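Architecture at a glance
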Amino acid sequence: MKTVAIMNQKGGTGKTTSAINLAGELAARRERVLLVDTDTQGNATSNLHLTEVPAATLTDVICGKGPSLADAVCRTSVEGLDLIRGGTLLAPALVAMQELRFGRDTVLRRLLPQIPDTYGYVFFDCSPSLESLFNINVLMAVQYILIPIKVDKNSIEGYDVMLETVREVRAGGNPDLRALGIFMTAVETGSSLDREMIANLPALLPELAFKAYIRKNIDVKKAPIALLPLRQYSPRCSAAQDYAALADEMLARMGG
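Just so you know, these numbers come straight off a predicted model, no measurement behind them. (Residues numbered from 1 in each chain as written. Predicted model: local features only at pLDDT ≥ 70, side-chain atom pairs only at ≥ 80, totals over all residues. Heavy atoms only, no water.)

This brings us to the layout of surface pockets. What the largest pocket holds in volume is close to 730 Å³. In this structure, the largest pocket is lined by 33 residues; those nearest its centre are Gly12, Gly14, Thr17, Ala186 and Val220. Looking at the lining of the largest pocket, the elements with two or more residues in it are α1 (15-28) and α10 (218-225). Its residues assigned to classes, the lining of the largest pocket shows 13 nonpolar, 12 polar and eight charged. There is about 160 Å³ of room inside the second largest pocket. As for the second largest pocket, its lining consists of Asp105, Thr106, Leu130, Asn135, Ile136, Leu139, Met140, Thr165, Glu168, Val169 and Gly172. Where the lining of the second largest pocket is concerned, the elements lending two or more residues are α6 (133-141) and α8 (159-172). For the lining of the second largest pocket, the per-class residue count stands at five nonpolar, four polar and two charged. (1 Å grid on protein atoms, 1.4 Å probe; cavity = no way out; pocket = protein on both sides within 12 Å on 5 of 7 lines; lining within 4 Å. Points joined across faces, edges and corners; volume = space filled by probe spheres on them. Helix = DSSP H or I, 4+ residues; strand = E, 2+ residues; numbered from the N terminus. Nonpolar A, V, L, I, M, F, W, Y, C, P; charged D, E, K, R; others polar.)

Here helix α9 (residues 192-204) contains 13 residues, and its C-alpha end-to-end distance of 17 Å stays within 8% of the 18 Å for a straight helix at 1.5 Å per residue. Along α9, the helix axis deviates most sharply at Ile198, where the bend reaches about 30°; the proline Pro202 sits within four residues downstream. The backbone nitrogen of Leu193 lies 3.3 Å from a side-chain oxygen of the residue at the head of α9, namely Ser191. (Expected span 1.5 Å × (residues − 1). Bend = angle between axes of the 7 residues up to and from the residue. Polar contact = N/O pair within 3.5 Å; in protein donor to acceptor, adjacent residues only side chain to side chain.)

Our focus in this paragraph is the packing of aromatic side chains. According to the stated counting rule, one finds one aromatic pair in the structure shown. Relative to Phe210, the ring of Phe183 lies with its centre 6.3 Å away and its plane at 85°, an arrangement referred to as edge-to-face. Separated by 27 residues along the polypeptide, Phe183 in strand β8 (residues 178-185) and Phe210 in the loop between α9 and α10 bring together distant segments of the chain. One exposure class covers both Phe183 and Phe210, and it is buried. Above the plane of the ring of Tyr119 lies Arg32, whose end atom (NZ or CZ) is 4.3 Å from the centre. Arg253 extends its terminal NZ or CZ atom over the ring of Phe210, reaching a point 3.9 Å from the ring centre. (Phe/Tyr/Trp six-rings, centres within 6.5 Å; stacked < 30°, edge-to-face > 60°. Buried < 20%, exposed > 50% of the residue type's maximum accessible area, 1.4 Å probe, protein only. Lys NZ or Arg CZ within 6 Å of the ring centre and 35° of its normal.)

See the structure below:
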């Protein structure tokens, strides 16, 4: 089972969109995928059609009310893609973790063995903050981190903060954490700045930059309204093809 955090401390970089669409792409390849929504905004939860919703939540598990992580898994309308809900449901869990005297950073790591091993991939959709206790827990638990950026000054400047965070987490308790790489979202190929970034990012970050990038496309906005990943909503659109290419590179970097 591969565990992947999709994270950037900047907002609006396409974290949730990428989490949903990479999960949907792998599900279309007959992989079993679990998406864990650890963002208190809960957009991953609200942007998918849930067909089976158990009473148990991630908060119930964290607060030790009896159920395991497996009991909190929701089915979606996409075959092979399941989800553990986030959003406002997470608020009591955050309080419970903050009140722990010891081990507040490793709550999720201790819970991960409860996820059924039938899942090949587990994606964590994270909030735009490095100070979030949930994000710290995710980084202490997962094997890989994917960093989406937009082609703007603030987003590009922020990637080094993420890489420094990875180094700190590796030194501080999760030596297995690895930065899979950085990829661009909402790329406008008609823009000279975006074309410049496409050309220069691989040289700027030779070991981290993905060749694949996600083109701006209206279907990226339409798919969440339909409560579907792009692969299931509009598989021929440019962004769906881009996420397929990104998934190919991601799997190659994971060695599988």
